[in-house]
Amino acid sequence: MDAISATMKIAASGLEAQSLRVRTVSENIANANSLGSAPGADPYRRKTIVFEPQFDKVLGAEIVNVKKIGTDPGDFSLSYDPSHPAADAQGYVKVPNVNPLIEMTDMREATRSYDANLNIIEQARGMAMSTIALLDDR
Amino acid sequence: MIDGINLFQTVTQKVDYLAVRHTMLAENVANADTPGYEAHDLKPFTEALRTVQPAGMLATHGRHMVAQSGQTTFREENRVQGWEIEPSGNQISLEEQMIEAADNTRDYELATQLMKKHVSMLKATLSTRG
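Residues numbered from 1 in each chain as written. Chains lettered and ligands numbered in written order. Predicted model: local features only at pLDDT ≥ 70, side-chain atom pairs only at ≥ 80, totals over all residues.

Moving on, we get to the overall build of chain A. Helix and strand content of chain A: two helices and four strands. Starting at the N terminus and walking to the C terminus, you meet the elements of chain A as α-β-β-β-β-α. At 22 Å, chain A has a C-alpha radius of gyration far larger than the 14 Å of a compact globule built from 138 residues. In terms of overall dimensions, chain A has C-alpha extents of about 85 × 30 × 20 Å along its principal axes. (Helix = DSSP H or I, 4+ residues; strand = E, 2+ residues; numbered from the N terminus. Rg over C-alpha atoms; globule rule 2.2 N^0.38 Å.)

The following block contains the structure:
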């Protein structure tokens, strides 16, 4: 495969990985207030995403791949709300370990990386176009 | 005069080099958030050109086969020390990579324009009458 097409495919793998990351972030934000329903039950646990480089034999280059979508082992915090169905005997409810500030930062970074990959595709396209322009008989 | 046609070969190699380099920059950018990923790049063009050209074996016998040049590609990697290392061990700085990519694109444009200009110069020579 020619280098320019390979470039586009590699950047496309970056786009895919970053958009999956944004999806994970949006899951976390959407579930920031998802509590349990039985007394003492665990609420939503924050999800994390890990990338890994993967050698693509066809391209002869390293694309990016999602290694796993795991969970954050961090502790849940407690809030006092005795009337809640998920409240334990002392009246405390476990709250998801989602920190909106961290999620927002993560989302910004993912967006930035997404843009960078998009720029690479744009540049590769420009390079292909200037090669094609050689055919112009002027 | 005909010597000038060497320019085609050089420019073709340059274009090839730049396209391969862009692939490498794309790898770096795609892996900008991969833990432990090291940035890589090609050697500078003049240096890469020297290594990509096979030394070639001397054919001292009629049945010796001579290696075909032009089959090799620029794949000589060069681990580079980037601007920063993240706590995850990732060495890619997006800013740095984007600057390199922009430079690369500009050089590509230059090389193709040069080739185009050279063709038109040859045409001008051919079309001269009298």
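When helices and strands are counted, chain B shows three helices and two strands. Secondary structure elements of chain B occur, N-terminal to C-terminal, as α-β-α-β-α. Per-residue burial for chain B yields a buried fraction of 27% across its 130 residues. If you take every contact in chain B between residues at least 6 apart in sequence, the share linking residues at least 24 apart comes to 70%. (Buried ≥ 20, exposed ≤ 12 C-beta atoms within 10 Å, placed from the backbone. Contact = placed C-beta atoms within 7 Å.)

So, on to the interface of chain A and chain B. On the chain B side, the residues contacting the 29 residues of chain A number 23 residues. Within the residue set of the side of chain A that touches chain B, elements represented by two or more residues are helix H1 (3-30), strand S1 (47-56), strand S2 (61-71) and helix H2 (100-132) of chain A. For the side of chain A that touches chain B, the element with the most residues is H2(A), which contributes twelve residues.

Once that is clear, we can look at the environment of Ile92(B). Residue and element names in this part refer to chain B. In this structure, Ile92 sits in the loop between strand S2 (77-79) and helix H3 (94-127). Exposure remark for Ile92: the 26 C-beta atoms within 10 Å place this residue in the buried category. For the pair Ile92 and Gln81, spaced eleven residues apart in the sequence, the C-alpha separation amounts to 9.3 Å. If we skip the residues at most four places from it in the chain, Ile92 touches Asn28, Asn31, Ala32, Tyr37, Ala39, Gly82 and Gln97.

Our next topic: H3(B). Structural remark: α-helix, 3.6 residues per turn; residues separated by three or four positions point the same way. Given a rise of 1.5 Å per residue, 34 residues ought to cover 50 Å, and the 49 Å separating the end C-alpha atoms of H3(B) matches this to within 8%. Within H3(B), the full set of buried residues consists of Gln97(B), Ala101(B), Asn104(B), Thr105(B), Tyr108(B), Ala111(B), Thr112(B) and Met115(B). Buried residues along H3(B) sit in contact with H2 of chain A together with helix H1 (6-30) of chain B. (Expected span 1.5 Å × (residues − 1).)

Across the interface, H2(A) lies against H3(B) with an axial gap of 10 Å and an inter-helix angle of 10°. One way to sum up the angle between H2(A) and H3(B) is to call them roughly parallel. Side by side, H2(A) and H3(B) meet where Arg112(A), Ser113(A), Ala116(A), Asn119(A), Ile120(A), Gln123(A), Gly126(A), Met127(A), Ser130(A) and Thr131(A) of the first sit next to Leu94(B), Met98(B), Ala101(B), Thr105(B), Tyr108(B), Glu109(B) and Thr112(B) of the second. (Axes fitted to C-alpha atoms, helices over the stretch in contact; angles between N-to-C directions. Parallel < 35°, antiparallel > 145°, perpendicular 65-115°, else oblique.)

All names here are of chain B. Looking at where Lys43 falls in the secondary structure, it is placed in the loop between strand S1 (40-42) and helix H2 (45-52). In this structure Lys43 comes out as partly exposed when scored by C-beta crowding, with 17 C-beta atoms within 10 Å. Residues Lys43 and Tyr17 lie 26 residues apart in sequence; the distance between their C-alpha atoms is 9.9 Å.

Note that S1(A) and S2(A) share ten bridges and pair antiparallel. Residue pairing for S2(A): Val50(A) is matched across the bridge by Lys68(A). (Pairing = 2+ DSSP bridges.)

As a further point, take the confidence of the model for chain B. Residues and elements named next belong to chain B. When pLDDT is averaged across chain B, the result is 81; 78% of the residues are at 70 or more. Ranking the helices and strands of chain B by mean pLDDT puts H3 first, with 91, and S2 last, with 67. Scored as a complex, the prediction yields pTM 0.83 and ipTM 0.85. (pLDDT = per-residue confidence, 0-100.)

Ile120(A) and Val29(B) are the most contacted members of the largest nonpolar core, which totals 35 residues. For this core, the secondary structure elements donating two or more residues are H1, S2 and H2 of chain A together with H1 and H3 of chain B. When residues in this core are grouped by element, the largest group, ten residues, is from H1(B). Apart from residues no more than four positions distant in its own chain, Val29(B) is found in contact with Ala11(A), Gly14(A), Ala116(A), Asn117(A), Ile120(A), Leu94(B) and Gln97(B). (Core = buried A, V, L, I, M, F, W, Y, C linked by C-beta atoms within 7 Å.)

The contact between H1(A) and H1(B) brings their axes to 8 Å, and the two run at 5°. Comparing the axis directions of H1(A) and H1(B) gives the class roughly parallel. Mapping the contact onto sequence places Ala3(A), Ile4(A), Ala6(A), Thr7(A), Ile10(A), Ala11(A), Ser13(A) and Gly14(A) in H1(A) and Ala19(B), Val20(B), His22(B), Thr23(B), Ala26(B), Glu27(B), Val29(B) and Ala30(B) in H1(B). Looking at the contact of H1(A) with H1(B) residue by residue, the classes come out as ten nonpolar, five polar and one charged. (Nonpolar A, V, L, I, M, F, W, Y, C, P; charged D, E, K, R; others polar.)

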